[in-house]
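Residue strings, one per chain:
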Amino acid sequence: MARSVSIKSAEDIEMARRAGGLAAEVLDMVAPYVVPGASTEMLDRICHDHIVNVQGAIPANVGYQGYPKTILTSVNQVVCHGIPSPDKILKKGDIVNIDVAVIKDGWFGDTSRMYFVGAPSVLARRLVETTYEALLAGIHQVKPGATLGDIGHAIQSVAQRERFSVVREYCGHGIGQIYHDEPNVLHYGRRGEGLTLEAGMVFTIEPMLNAGSRETRQLADGWTVVTKDRSLSAQWEHMVAVTPEGYEVLTRWPGGTGTYAPV
């Protein structure tokens, strides 16, 4: 039987906010190191040491379902779940998603963002910026009485406007004291369909858009997912709480949004 969607108290949301803030801080901290010549293994080590030694938190991904590393590094045609490696060296023009999750006092924080390694191609920049716009479009739907279908429809509409495709095999999820909890948050859908949102729900929204087909395949390592047609892919992720007035983003970046529109 599926778990029901938990409604969190103000105290619970404060704990989720704290964990989410730590995860966001990791992505802000590692940004200066995402440069040509850096290995994804080096980025993983930097994030691990910061989480453990500076934040006093636990890297949530290490050992999770057998995953061996702290962060997930998905470069260019990698959709999600790329494993850091000393052999994967970033080069000019790459786009990379770094996904991090931490545990603080039993609560999970989970977020990801895109980085440009040097100057991206016109297509890569448009894909990354459109995916961010799609994330915001989904977040802006969040309020009591809205539905998960409203979120998915908003994301899908932005993607389709730019003739990008939405990955369907992977979705957002409930989060709190459980890493991946109910509900599943699809990044496509129809308005008015799906679960009705209530204040106190906490979940991630993390759309993955491909420049080509939405089809994906998993590599032999059992983790890395790539676009089937080798087209570029991008992803952004925030943790969001449903509030009586609308929403609160629990993973705001300490350094702000840079050139990206604010949430």
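Anyway, here's the lowdown on the structure attached to this text.

### Describing the overall build of the protein chain
Here's step 1: Of the regular secondary structure elements, the protein chain holds four helices and 15 strands.
Here's step 2: Computed over its C-alpha atoms, the radius of gyration of the protein chain comes to 17 Å, within 12% of the 18 Å expected for a compact globule of 263 residues.
Here's step 3: If one aligns the C-alpha atoms of the protein chain with their principal axes, the spans along those axes are about 45 × 45 × 40 Å.
Here's step 4: Counting only residues that meet the buried cut, the protein chain has 54% of its 263 residues in that class.
Here's step 5: Sequence-distant contacts in the protein chain: of pairs separated by 6 or more residues, those separated by 24 or more amount to 71%.
Here's step 6: Summing over all exposed atoms, the protein chain offers an accessible surface of approximately 11100 Å²; the carbon and sulfur share of this is 51%.
Here's step 7: Computing the positive centroid from 24 side-chain charges and the negative centroid from 29, the protein chain places the two 7 Å apart.

### Re the sheet that holds strand β11 (residues 216-218)
Here's step 1: Here three strands make up an open sheet; going across it, the order is β3-β12-β11 and the pairing antiparallel. Across the chains shown, the open sheet's two edge strands, defined by having one partner strand only, are β3 (78-80) and β11. For this sheet, the mean inter-axis angle between neighbouring strands, taken without regard to orientation, is 40°.
Here's step 2: The pairing of β3 with strand β12 (residues 225-227) spans two bridges and is classified as antiparallel.

### Quick look at the packing of aromatic side chains
Two measures describe an aromatic ring pair: the distance that separates the ring centres and the angle between the ring planes.
Here's step 1: Applying the stated criterion to the full structure yields six aromatic pairs.
Here's step 2: Arranged with centres 5.1 Å apart and planes meeting at 15°, the rings of Phe108 and Tyr179 form a pair that is stacked. Highlighted residues: Phe108 in strand β5 (residues 107-116) and Tyr179 in the loop between β7 (172-174) and β8 (181-185), separated in sequence by 71 residues.
Here's step 3: An aromatic cluster is present here, built from Tyr64, Phe108 and Tyr179 joined pairwise through their rings.
Here's step 4: Its guanidinium or amino end placed over the ring of Tyr115, Arg113 lies 4.5 Å from that ring's centre, counting from NZ or CZ.
Here's step 5: Stacked on the ring of Trp253, the Lys or Arg Arg113 has its end atom at 5.1 Å from the ring centre.

### Examining the side chain of Ser74
Here's step 1: With respect to the helices, strands and loops of the structure, Ser74 is situated in strand β2 (residues 71-75).
Here's step 2: On the basis of relative accessible area, Ser74 is assigned to the buried category, the value being 2%.
Here's step 3: A distance of 3.4 Å separates a polar atom in the side chain of Ser74 from the backbone nitrogen of His81.
Here's step 4: One polar contact links the side chain of Ser74 to the main-chain amide nitrogen of Gly82, over a distance of 3.3 Å.

Cut-off values and rules
Residues numbered from 1 in each chain as written. Predicted model: local features only at pLDDT ≥ 70, side-chain atom pairs only at ≥ 80, totals over all residues. Heavy atoms only, no water. Helix = DSSP H or I, 4+ residues; strand = E, 2+ residues; numbered from the N terminus. Rg over C-alpha atoms; globule rule 2.2 N^0.38 Å. Buried < 20%, exposed > 50% of the residue type's maximum accessible area, 1.4 Å probe, protein only. Contact = heavy atoms within 4.5 Å. Areas by Shrake-Rupley, 256 points an atom, 1.4 Å probe, with all protein chains shown as cover. Lys, Arg positive; Asp, Glu negative; His and termini not counted. Charge placed at Lys NZ, Arg CZ, Asp CG, Glu CD. Pairing = 2+ DSSP bridges. Axes fitted to C-alpha atoms, helices over the stretch in contact; angles between N-to-C directions. Phe/Tyr/Trp six-rings, centres within 6.5 Å; stacked < 30°, edge-to-face > 60°. Lys NZ or Arg CZ within 6 Å of the ring centre and 35° of its normal. Polar contact = N/O pair within 3.5 Å; in protein donor to acceptor, adjacent residues only side chain to side chain.

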